[in-house]
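Observations on the model geometry
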Amino acid sequence: MGTTSFHLVKHIQSVIRASGPVSVARFMQECLTNPVAGYYVQSSPFEGYGDFTTAPERGQLFGEMLGVWAAAEAQNNRLFESKAPIQFVELGAGSGHLMNDVLRVVNRLAPATFTDLTVQIVEAGNILRKKQQEILAEVVHKFNIKVDWKRHIDEIDPFDGYTFAFANEYFDALPVHQFQFTEHGWRERMVDIIPNDKNDSDSHPLRFVLSPEPTLHVELFSKLPFYSKADVGTVAEVSFDTLSDVSRLNNVLRSSSKGGSAIICDYGYKTMGGDTLRAFKDHKQVHVFDFIGESDVTCDVNFGYLMYQALAKDKVSCEGMFTQSEFLNGLGIETRANMLIKNASTQKEAKSIQEQKLFLTSNDIMGNKFKVLLLKASSIINDSQRQQQKPI
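What this report covers is the structure whose coordinates are included nearby. (Residues numbered from 1 in each chain as written. Predicted model: local features only at pLDDT ≥ 70, side-chain atom pairs only at ≥ 80, totals over all residues. Heavy atoms only, no water.)

When you go through the protein residue by residue, the secondary structure sums to 13 helices and 16 strands. Whereas a compact globule of 392 residues would reach a radius of gyration of roughly 21 Å, the protein reaches 22 Å, a difference of no more than 12%. In terms of overall dimensions, the protein has C-alpha extents of about 70 × 55 × 35 Å along its principal axes. Relative to its full complement of 392 residues, the protein shows a buried share of 55%. When contacts within the protein are restricted to residue pairs at least 6 apart in sequence, long-range pairs at least 24 apart make up 77% of them. Carbon and sulfur atoms provide 49% of the accessible area of the protein, an area that totals close to 17,900 Å². (Helix = DSSP H or I, 4+ residues; strand = E, 2+ residues; numbered from the N terminus. Rg over C-alpha atoms; globule rule 2.2 N^0.38 Å. Buried < 20%, exposed > 50% of the residue type's maximum accessible area, 1.4 Å probe, protein only. Contact = heavy atoms within 4.5 Å. Areas by Shrake-Rupley, 256 points an atom, 1.4 Å probe, with all protein chains shown as cover.)

Below, the structure written as structure tokens:
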């Protein structure tokens, strides 16, 4: 256990001693975004010096395919004919490679898009912001694109034009509440300290317990679909922060005068996923109570709830939900990969591109584990409201 982990564990233990066991969501929040010792606050977690690998970090193919999607959507919505201003919004831009690749491809396939384009990136971490600025510097300068950074999605103002929103591996990092079905009904899974008589040097510093009575979040959970009936021992997960941010994302699309489209990519499941809480350090899975603040803590995304929440808003439709393999193959990733391989200057480069494609589309790696949700929204703003409309 490093110094950071030691101090964060002591902080969490003191919170528990003062007010009782904390929710799994609160535990995740402390691990990832504690302002002093949180994982995302103190480190840059990506490949080469981090703990996990996202699709854009593997190479250009993934970002290019999302650029193809955006260019096709612009064409289908006749944005070039209307000459409507366009904004790209990315939630949690990682190292910045995804947006960089999207911008390159959109410029090549739909250069008219760049006549009036702005980019908004939602990123709370200062270290990641700095990395994104470095990666995007060349393309921003080359195409004279204005890029603004926001700390929260609520800071994005209504837009006079069309919005494209990208959320790749964003929702998996949001805090999740866990619930377990018992003989007495649903109870919330909590994080507690180890009793003194059971504590030893080899044990973890914290443990899981169940709430003796239904908590407020159990009451909220019971109103959602999918889990009205369950066997004793069944574990369910809900991220209420995810539900809130999906609503906020919808509001960003709906408060654009021409409407908008969103693409959400993440590892997850459609309805029931069980206990998916886990942690990663140095590209290996570790126990969630080891390396607290020094490992990435994550849960699979419940896409059933994503869609449920998204469609709860007026003027929002689901354009489809796919496995990542289905989506990328439908966009022509095979053709693009073969073109890049043909033009590769070395065998090593060609092999790398082939490995990228397999990493993204093979069902035993990302192809089936990752899901893609496409949303589209019509504007709720008419011409007379456009200037004074505030975020919903």
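Quick look at the pattern of salt bridges now. Scanning the entire structure with this criterion turns up twelve salt bridges. The partner of Asp-275 in a salt bridge is Arg-189, with the nearest N and O atoms 3.0 Å apart. Taken together, the residues Asp-275 in the loop between β10 (260-269) and β11 (278-281) and Arg-189 in strand β7 (residues 185-193) connect sequence positions 86 residues apart. When salt bridges that share partners are traced, they join Glu-64, Asp-101, Arg-104 and Arg-336 into one network. (Salt bridge = Lys/Arg side-chain N within 4 Å of Asp/Glu carboxyl O.)

Let us now look at the packing of aromatic side chains. Applying the stated criterion across every chain yields a total of 13 aromatic pairs. Taking 5.3 Å as the distance between ring centres and 80° as the angle between the ring planes, the aromatic pair formed by Phe-27 and Phe-289 counts as edge-to-face. With Phe-27 in helix α2 (residues 24-33) and Phe-289 in the loop between β12 (284-286) and β13 (296-298), the pair connects residues that are 262 residues apart, well separated along the chain. Overall, the relative accessible area of 2% leaves Phe-289 in the buried class. Considering the side-chain rings of Tyr-170 and Phe-171, the 5.0 Å spacing of their centres and the 80° angle between planes classify their relative orientation as edge-to-face. Through successive ring pairs, a cluster of aromatic residues spans Trp-69, Phe-88, Tyr-162, Phe-164 and Phe-166. When the ring centre of Phe-208 is taken as reference, the NZ or CZ atom of Arg-189 above it lies at 4.1 Å. (Phe/Tyr/Trp six-rings, centres within 6.5 Å; stacked < 30°, edge-to-face > 60°. Lys NZ or Arg CZ within 6 Å of the ring centre and 35° of its normal.)

Right, let's get into the packing of helix α4 (residues 61-76) against helix α11 (residues 324-331). Two elements in contact, α4 and α11, have axes separated by 10 Å at closest approach and are oriented at 65°. Judged on the interaxial angle alone, α11 and α4 are roughly perpendicular. Crossing of α4 over α11 shows left-handed handedness. Side by side, α4 and α11 meet where Phe-62, Met-65, Leu-66, Val-68 and Trp-69 of the first sit next to Gln-324, Phe-327, Leu-328 and Leu-331 of the second. (Axes fitted to C-alpha atoms, helices over the stretch in contact; angles between N-to-C directions. Parallel < 35°, antiparallel > 145°, perpendicular 65-115°, else oblique. Left-handed = near helix turned anticlockwise from the far one by under 90°.)

Here we come to the pairing of strand β9 (residues 235-238). Side-chain alternation along β9 places Val-235 and Glu-237 on one buried face and Ala-236 and Val-238 on a second face that is also buried. Here four bridges tie strand β6 (residues 177-182) to β9, and the two strands are oriented antiparallel to one another. The residue of β9 that forms the bridge with His-177 is Val-238. (Pairing = 2+ DSSP bridges.)

The strands making up a sheet associate through hydrogen bonds between their backbones, and the pairing can be parallel or antiparallel. If you trace the three strands from one edge of the open sheet to the other, you get β12-β11-β13, paired in antiparallel fashion. Whereas interior strands pair on both sides, the edge strands pair on one side only; in this sheet they are β12 and β13. Averaged over all pairs of adjacent strands, the angle between their axes in this sheet comes to 35°, without regard to strand direction. Relative to β13, β11 runs antiparallel, the two sharing three bridges. Each bridged residue has a counterpart across the sheet, and for Arg-278 the counterpart in β13 is Thr-298.

A few words now on helix α6 (residues 97-109). Across its 13 residues, α6 extends 18 Å between first and last C-alpha, which sits within 8% of the 18 Å expected from 1.5 Å per residue. Looking at the packing, one finds that the buried side of α6 touches α4, β2 (86-91), β3 (117-122), α7 (126-143) and β5 (162-168). (Expected span 1.5 Å × (residues − 1).)

In this section: the side chain of Asp-192. You can see Asp-192 is positioned in strand β7. Judged by its relative accessible area of 13%, Asp-192 is buried. Every residue in contact with Asp-192, bar those within four places of it in the chain, is listed here: Ile-16, Pro-21, Leu-206, Arg-207 and Val-209.

Burial analysis of β3 places five of its six residues in the buried class, which makes it a mostly covered element. In the sheet, β2 pairs with β3 via six bridges, with the strands oriented parallel. When the sheet's bridge partners are listed, Val-89 is paired in β3 with Gln-120. Running through α6, the crossover from β2 to the neighbouring parallel element β3 is right-handed. As defined by bridge partners, β3 adjoins strand β4 (residues 146-150) across five bridges and the pair is classed as parallel. Paired with Thr-118 across the strands is Lys-146, a residue of β4. Note on the crossover from β3 through α7 to β4: the handedness is right-handed. (Right-handed = clockwise from strand over helix to strand, strands pointing away.)

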